[in-house]
Amino acid sequence: MKIGPMVAAAFLAAFLVLRRRKLEPTLLIGGVIVVVGLLVYGSGLVKFPDVKKLVEDAGNALGQWTYVVVGVMAFFETGAFVGLIAPGETFLIFGGVVAGQGTISLVALIAIVWTCAVLGDLASFYAGRRLGRKFLVKHGPKVSINEERLHMVEAFFDRHGGKAIFLGRFVGVVRAVNPFLAGSSGMPLKRFLPYDVVGAGAWATLLLVLGYVFWQSFDRVLHYAEQGTLALGTTIVVLTLLVWLYRYFRVEENRHKAAAWTDEQLERPALRPPARVLRPLWRWSRRPRRFFWNRITPGELGLELTTLLAFVAVGSFAFAADAITLHQKDLITGDRTAFDWADKVRSDTLDDVARALTHLGSLPLVGGATLLAVIALLARRRVIEAAALTSGLVLTWAAVHIAKVAVDRPRPSNPLVDTAGQSYPSGHAAYAVAWIAIAVVLSRTVPGLARTTILVIAAIVLTVVVGATRVYLRAHYLSDVVGGIGLAAAIVGLCGMAGLVVAHLRHNGGRS
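Residues numbered from 1 in each chain as written. Predicted model: local features only at pLDDT ≥ 70, side-chain atom pairs only at ≥ 80, totals over all residues. Heavy atoms only, no water.

*Asks:* When you look at the overall build of the chain in this model, what are you seeing that I'm missing?
*Replies:* The secondary structure content of the chain amounts to 22 helices and 0 strands. Within the chain, buried positions represent 38% of all 512 residues. Sequence separation of 24 or more characterises 78% of the internal contacts of the chain that already satisfy a separation of 6 or more. Carbon and sulfur atoms provide 68% of the accessible area of the chain, an area that totals close to 29500 Å². (Helix = DSSP H or I, 4+ residues; strand = E, 2+ residues; numbered from the N terminus. Buried < 20%, exposed > 50% of the residue type's maximum accessible area, 1.4 Å probe, protein only. Contact = heavy atoms within 4.5 Å. Areas by Shrake-Rupley, 256 points an atom, 1.4 Å probe, with all protein chains shown as cover.)

*Asks:* I tried to follow the pattern of salt bridges on my own but got confused; where do I start?
*Replies:* Side chains that carry opposite charge are capable of pairing whenever their charged atoms lie near each other. One pass over the structure, following the stated rule, counts 6 salt bridges. For Asp-343, the salt bridge identified is with Arg-346, shortest N-O distance 3.1 Å. One salt bridge in this structure joins Asp-351 and Arg-346, with 3.7 Å as the shortest N-O distance. For Asp-351, a relative accessible area of 10% puts it in the buried group. (Salt bridge = Lys/Arg side-chain N within 4 Å of Asp/Glu carboxyl O.)

*Asks:* How do you make sense of unusual backbone geometry when you look at a structure like this?
*Replies:* Excluding glycine, residues mostly have negative phi values, and the peptide bonds linking residues are mostly trans. The residue after Tyr-424, namely Pro-425, is reached through a cis peptide bond having omega -5°. Position of Pro-425 among the secondary structure elements: in the loop between helix H19 (383-407) and helix H20 (427-443). In the Ramachandran plot, Asp-408 falls in the positive-phi region, its phi being about 55° despite a non-glycine side chain. Within the secondary structure layout, Asp-408 lies in the loop between H19 and H20. Its relative accessible area of 48% is what places Asp-408 among the partly exposed residues. Phi is positive for Asn-414, close to 55°, though the residue is something other than glycine. Residue position: Asn-414 is located in the loop between H19 and H20.

*Asks:* What should I look at first to understand the packing of aromatic side chains in this one?
*Replies:* Note on aromatic pairs: each is described by the distance of the centres and the angle between the planes. All chains considered together, the criterion is met by 6 aromatic pairs. Geometrically, the ring pair formed by Phe-125 and Tyr-126 is edge-to-face, given 5.5 Å between the ring centres and 85° between the ring planes. Among the residues examined, Tyr-126 registers a relative accessible area of 43% and is labelled partly exposed. Measuring from centroid to centroid gives 4.5 Å for Phe-125 and Phe-192, while their planes differ by 20°, and the two rings are stacked. With a gap of 67 residues between them, Phe-125 in helix H6 (residues 106-139) and Phe-192 in helix H9 (residues 189-216) connect regions that are remote in the sequence. Since its relative accessible area comes to 0%, Phe-192 is described here as buried. Aromatic ring contacts, followed pair by pair, group Phe-125, Tyr-126 and Phe-192 into a single cluster. Above the plane of the ring of Tyr-472 lies Arg-346, whose end atom (NZ or CZ) is 4.5 Å from the centre. The positively charged end of Arg-474 is found above the aromatic ring belonging to Phe-339, 4.3 Å away from the centroid. (Phe/Tyr/Trp six-rings, centres within 6.5 Å; stacked < 30°, edge-to-face > 60°. Lys NZ or Arg CZ within 6 Å of the ring centre and 35° of its normal.)

*Asks:* Looking at this model, I keep getting lost on the environment of Leu-62. Mind explaining?
*Replies:* Structurally, Leu-62 is set in helix H3 (residues 51-62). Between the C-alpha atom of Leu-62 and that of Thr-103, which follows or precedes it by 41 residues, the distance is 9.2 Å. Contact partners of Leu-62, with chain neighbours within four places excluded, come to Val-69 and Phe-94.

*Asks:* How do you make sense of the confidence of the model for the chain when you look at a structure like this?
*Replies:* In low-pLDDT segments, the atomic positions of the prediction should not be examined closely. Overall, the predicted model of the chain reaches an average pLDDT of 77, with 69% of residues at or above 70. Low pLDDT, under 50, characterises residues 221-230; the predicted model gives this stretch 7 contacts beyond four residues in sequence or across chains. In this model residues 270-300 is a low-confidence stretch, pLDDT under 50, and it forms 39 contacts with partners more than four residues away in sequence or in other chains. (pLDDT = per-residue confidence, 0-100.)

*Asks:* It is not clear to me how the side chain of Ser-426 should be interpreted in this structure. Could you clarify?
*Replies:* You can see Ser-426 is positioned in the loop between H19 and H20. Judged by relative accessible area, which is 0%, Ser-426 ranks as buried. Beyond its immediate sequence surroundings of up to four residues, Ser-426 is in contact with Arg-470, His-476, Asp-480, Val-481 and Gly-484.

*Asks:* Would you take a moment to explain the nonpolar core for this structure?
*Replies:* In globular proteins that are soluble, nonpolar side chains generally tend to be buried together. Within the largest apolar cluster, 34 residues are counted, with the highest numbers of intra-cluster contacts made by Val-366, Leu-389, Tyr-424, Trp-435 and Leu-487. Counting residues per element, the ones that place at least two in this core are helix H15 (301-326), helix H18 (363-379), H19, H20, helix H21 (449-472) and helix H22 (478-507). No other element matches H20, which puts 10 residues into this core. In this view, Trp-435 contacts Leu-360, Leu-365, Val-366, Ala-369, Ala-459 and Leu-462; residues no more than four positions away in its chain are not counted. Counting 31 residues, the second-largest nonpolar core is a separate cluster that includes Leu-109, Cys-116, Ala-204 and Ala-310. (Core = buried A, V, L, I, M, F, W, Y, C linked by side-chain atoms within 4.5 Å.)

*Asks:* Explain a nonpolar patch on the surface here, please?
*Replies:* Residues Trp-65, Val-68, Val-69, Val-72 and Phe-76 make up a contiguous nonpolar surface patch of about 440 Å² in total accessible area. Along the polypeptide, Val-72 turns up in helix H4 (residues 65-79). Assessed through its relative accessible area of 35%, Val-72 is described here as partly exposed. (Patch = residues over 30% accessible without salt bridge, like charges linked within 9 Å, V, L, I, M, F, W, Y side chains within 5 Å.)

*Asks:* For this particular structure, what's the right way to read the side chain of Arg-470?
*Replies:* One can find Arg-470 in helix H21. Buried charge without a partner: Arg-470 forms no salt bridge, and the closest opposite charge is Asp-480, 8.9 Å away. With residues up to four places along the chain from it excluded, the contact list for Arg-470 reads Thr-358, Arg-411, Ser-426, His-428, Ala-475, His-476 and Val-481. (Lys, Arg positive; Asp, Glu negative; His and termini not counted.)

*Asks:* I would appreciate a short explanation of the environment of Trp-397 in the present structure.
*Replies:* Topologically, Trp-397 is positioned in helix H19. Residue Trp-397 is classed as partly exposed on the basis of its relative accessible area of 40%. Taking the C-alpha atoms as reference points, Trp-397 and Leu-363, 34 residues apart in sequence, are found 8.5 Å from one another.

*Asks:* Would you explain the environment of Val-40 in this entry?
*Replies:* Take Val-40: it is sitting in helix H2 (residues 25-43). Look at Val-40 and you get partly exposed, because its relative accessible area is 28%.

*Asks:* How do you make sense of the packing of H19 against H20 when you look at a structure like this?
*Replies:* Two quantities define a packed helix pair, namely the angle between the helix axes and the distance between the axes. Direction vectors running N to C along H19 and H20 enclose 170°, while the axes themselves pass 10 Å from each other. In terms of axis orientation, H19 runs roughly antiparallel to H20. In this structure, the crossing between H19 and H20 has a hand that is right-handed. Contacts between H19 and H20 involve Glu-385, Leu-389, Leu-393, Thr-396, Trp-397, Val-400, His-401 and Lys-404 from the former and Gly-427, Ala-430, Tyr-431, Ala-434, Ala-437, Ile-438 and Val-441 from the latter. Residues that form the contact of H19 with H20 fall into these classes: 10 nonpolar, 3 polar and 2 charged. (Axes fitted to C-alpha atoms, helices over the stretch in contact; angles between N-to-C directions. Parallel < 35°, antiparallel > 145°, perpendicular 65-115°, else oblique. Left-handed = near helix turned anticlockwise from the far one by under 90°. Nonpolar A, V, L, I, M, F, W, Y, C, P; charged D, E, K, R; others polar.)

Put into C-alpha cells, the structure is as follows:
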C-alpha cells in the first residue's frame, strides 16, 4: 500500500464533501473520479502503465502536428465553446510536455497558442456582438435567462469588464463563454482586447511552461508528489480558509462587526497601543480612503494601463523569443523566406526608394523628431509626457546596444547599404517605434477622432516600412526587425505606464 496517494485521496474527499454544494457538477464528478483513482492506485490492487512512456509515444507520434492540434484547440475552446466539453488546460499542458521532449519549440508553441487563443476570443466576441442580445432574448428564457438577468450581465461587464475578461481566462467554464457575453453585453472592442491579450498570454505561457518543466523533471515531480501529501493538505486547508475569510469580509455587515470587535479590544488597558506610535497608525488606517490601485486607475486609466501592458507583454515576448531561438540556431523561420521575396521584387528604383526611406529609422532623425516633440510638450507644460518620450528613446538606445553584444549575431551577407556592428536586434526598427510614441502623445492634444486615428495609423505604417527596408536592403534579418520593434514596444510601453501612474498620483496626491 502507498501512503501518499491514500492521504491525498482523503484530503481531496474531505474537500469535496465540504464544498459539495458550491462546486460545479463537472468538478464534483471529476473530483470523485480522482479520489477513486488515488484509492485504487494507493491500494496496489491495480498496476498502472508507465505514464511517462505513454506521453512520450504520443508526442513522437504527433511531432510537428502538435503545433496545429494545440493551436486549433486553443482557438475553438472559446471560438466554438469547445471549452465547455474539453478544458483547454489539458491540451496546453500536453503541448508543453511535447516541447519538453525536444520534439517542438516551446517558444514557437507559446506564440501560436497565444495568437490562436486571442483569435478564438475575438470570433466569440463578434458572434456575441452579432447574435448576442437578440439571440439571448429569444432563446434565453428556455435556460432561465430573462431580461432582468441580461441587464445584470450588461451592468457587470460595464463595471468589471476588464477584470472579468482577464480573470475569467483562468476559470474553465467562464473562459468558454466570457467573450460571447462580453460581445452580447455591448462591451467596446478597445476595452475587451487589451485585457484579453494580457490574459491569454499569461494563461498560455503559464500552462505551456508548466508542462515543459513537468516533463523536464518528471521523475522528481513524481517523487515530490508522493512525499508532499502533507504540504498538499496544508495548502488546501489554508486556501480554503483564505477563501472563506475573503467571502466573509466582502459582506459590509461582517466588516462592521470585525471593526467594532477590534475597537473594543483596543480599549482594554492590556491591549491599548502606545499613543505616540501605534495610535496614529491605527487612526490613519481607520480613515475612509480609496485603495492605492483605485487612486492610480480612476475612470479609463485602468484601460490605458492595461493597453500599454498588452504592448509590453507582446513586445517583450517577441524580443525574448527570437533572442532565445538564436542561441539554438542561426536562422529563424521566415528569415530566408523574407530575403527570397525581396529578391523577387528587387529593382534599381526600389533600391533607391528603400535607401531613402530607411533613414527614417536612423537615430539622428528619430532623435531630432523626438526633441521637437519634447519642446512642444514642454511649451504646453506637459512635463510627464515629455519625460516619457525622452526616457523611452534613451532606454531603447541603451537596450539595443546591450542586446547586440549579448546575442552577437553576424550581419547578413552582401548588404546593399553600409552596416556596422551586430545584427540583432535592428536598431533602425527599434528607433522607428518612437514615431508611434510621438503620434500617440501628440494625439492627446489633437482634437477630433479621425485626425487622431490617421496620425497613429500613419506612424504604425512608417515603422513597418522602416523595418521592411532593413530586410529588403539585407541590412538585417526579418527576426532582427521583429526583435527590435518588440524591444522598443516593451520599453516605450513601460515608460508610458510609469508616466500614467506618476501623472495620476500627482493629480490625486492631496486626496484621501
